[in-house]
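# A structural walkthrough
Chain residues, written in single-letter form:
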Amino acid sequence: MTAIIPAAGKGTRFLPATRVIPKEMLPIGAKPAIHCIVEEALAAGADDIVLVISEEKEIIRRYFEGDETLFGKVRYVYQREQRGLGHAVLQAAEGVTGSALVLLGDALVTGPNPSREMVAISKANGGASVVGLERVPPERVSRYGIVALEGRAAACGAGDAARIVDLVEKPKLEEAPSDLAIAGRYLLSADIFSLLATQTPGHGGEIQLTDAIRRLLATQPVFGYVYPGKRQDIGNPQGYLKALEAFNGIV
Ligand code: UTP
């Protein structure tokens, strides 16, 4: 199984720190965040890790090339223009034939290994795609891709999985089908790549991964997995400080 870790974004929300240090390289204890994410993918059964980087972020490559235990398991593709997350994932398409894990390079999730849980949910559901979900407070609903789950989303508890019936990108609170947001981890069937290749730019003029997942939903089952833990976004200073607190003593 291939795991794709997009880490080519600009990191503008964390300037000036990210002027020279990629946010993905910020330490969580003694390890850079992206090292923790690579370990999560390996523990979930990935044996081919593709890091999507840019020329400005070569330091990520230098870091992993210095690690003997990971040598041969990690490879690199370049996103030459920052055209969005969907575009970053598309750069890793070559040679991927089965389902691929996608782990955002700036997101950490507390609790049980989310990628491993999602692999198990996929296996139990005929190899279906699975996306990780977190409950968000009302004031943040309009910032994310929000899903409608089969049955009652409100009844879906931490650690549960259910089939997604709809996905609305950045809805107004009144129009949101639930408070469950797609966040940070995805296990996607290889069909996602042909959808990404034809995906028109969406929010912010970028190729959005969630727009392609919405189209995937129309043709095949996609499940949502509600994290029992919390998703930590290290892409901004406040989120990073929270992540340090959340992983204190764990990493
Ligand atoms: P973000 O949505 O946080 O975007 O990316 P960003 O550009 O990195 O950050 P800001 O908004 O400028 O602060 C989520 C993940 O997807 C990667 C990022 O590196 C991050 O790990 N990404 C995003 C890419 O690889 N390429 C892109 O074009 C956009």
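See the structure shown above.
This text gives an overview of the structure that appears in the document. These figures come from a predicted structure and were not determined experimentally. Once a new chain begins, its residue numbering starts again from 1 and follows that chain's sequence as written. Only residues with pLDDT of 70 or above have their local features reported here, since the model is predicted, and side-chain atom pairs are shown and tallied only from 80 upward, although totals for entire chains, interfaces and linings are computed over all residues. Water and hydrogen atoms were dropped before computing side-chain values, which therefore reflect all heavy atoms in the structure.

This part covers the pattern of salt bridges. Any two side chains of opposite charge can pair, so long as their charged atoms come close to each other. Within this document, salt bridges are pairs made up of a side-chain nitrogen of Lys or Arg and a carboxyl oxygen of Asp or Glu, the two lying within 4 Å of each other. Counted by the stated rule, this structure contains 14 salt bridges. One salt bridge connects Glu 134 with Arg 140, and the closest N-O pair in it is separated by 3.7 Å. Think of it in three bands: residues with accessible area under 20% of the maximum for their type are buried, residues over 50% are exposed, and the middle band is partly exposed, with areas taken using a 1.4 Å probe on protein chains only. Judged by relative accessible area, which is 7%, Glu 134 ranks as buried. We note a salt bridge from Arg 214 to Asp 166, for which the minimum N-O separation is 3.2 Å. With Arg 214 in helix H6 (residues 209-217) and Asp 166 in strand E10 (residues 161-169), the pair connects residues that are 48 residues apart, well separated along the chain. The secondary structure listing takes helices from DSSP runs of H or I that are at least 4 residues long and strands from runs of E that are at least 2 residues long, numbered from the N terminus.

So, on to unusual backbone geometry. Residues Leu 15 and Pro 16 are joined by a peptide bond in cis, for which omega reads 5 degrees. Here Pro 16 lies in the loop between strand E1 (2-6) and strand E2 (27-28). You will see that Lys 170, though not glycine, has its phi angle at about 45 degrees, which is positive. Here Lys 170 lies in the loop between E10 and strand E11 (180-188).

Once that is clear, we can look at the packing of aromatic side chains. Any aromatic ring pair is given by two values, namely how distant the centres are and how the planes are angled relative to each other. Aromatic pairs are defined between Phe, Tyr and Trp rings, using the six-membered ring for Trp, whenever the two ring centres lie within 6.5 Å; interplanar angles under 30 degrees are classed as stacked, those over 60 as edge-to-face, and all others as tilted. Per the stated rule, a full pass over the model turns up three aromatic pairs. Their ring planes at 85 degrees and their centres at 5.9 Å tell us that Tyr 225 and Tyr 227 sit as a pair that is edge-to-face. Per residue, the accessibility class of Tyr 225 equals that of Tyr 227, and both read buried.

With that out of the way, let us pick up the environment of Phe 247. Tracing the backbone through its elements, the reader meets Phe 247 in the segment after helix H7 (237-246). Using a relative accessible area of 10% as the deciding quantity, one classes Phe 247 as buried. Along the primary structure Phe 247 and Leu 108 are separated by 139 residues, whereas in three dimensions their C-alpha atoms are 9.2 Å apart. In what follows, residue pairs with any heavy atoms lying within 4.5 Å of each other are defined as contacts. The residues contacting Phe 247, other than those within four sequence positions of it, are Ile 28, Leu 108, Val 109, Thr 110 and Gln 232.

Okay, the packing of helix H1 (residues 33-43) against helix H2 (residues 58-65) next. Only the stretch in contact is used when a helix axis is fitted, and all axes are lines through C-alpha atoms; the angle between N-to-C directions ranges over 0 to 180 degrees. Between H1 and H2, the shortest axis-to-axis distance is 11 Å and the interhelical angle comes to 60 degrees. Here H1 is positioned oblique relative to H2, judged by the angle of their axes. Between H1 and H2 lies a crossing whose hand is right-handed. Together, Ile 34, His 35 and Val 38 of H1 and Ile 60, Tyr 63 and Phe 64 of H2 make up the contact between the two elements. Any residue that is not Ala, Val, Leu, Ile, Met, Phe, Trp, Tyr, Cys, Pro, Asp, Glu, Lys or Arg is counted as polar, Gly included; the first ten are nonpolar and the last four charged. When grouped by side-chain class, the residues that make up the contact of H1 with H2 number five nonpolar, one polar and no charged. By the definition adopted for this analysis, an angle is roughly parallel if under 35 degrees, roughly antiparallel if over 145, roughly perpendicular if from 65 to 115, and oblique otherwise. Crossing handedness: left-handed means the near helix sits turned counterclockwise from the far one by under a right angle, and right-handed means the same turn made clockwise.

So, about the pairing of strand E5 (residues 74-78). A regular strand carries its side chains on alternate faces of the sheet. For E5, a buried count of four out of five residues is recorded, marking the element as mostly surrounded by other parts of the structure. For strand E4 (residues 48-53) and E5, the ladder comprises five bridges, and the chain directions are parallel. Along E5, the bridge assignment pairs Ile 49 with Val 74. Orient the strands so they point away from the viewer; a crossover is then right-handed if the path from the first strand over the helix to the second runs clockwise. Each parallel crossover has a hand, and for E4 linked through H2 to E5 it is right-handed. Paired strands, as defined in this entry, are two strands with at least two bridges between them according to DSSP.

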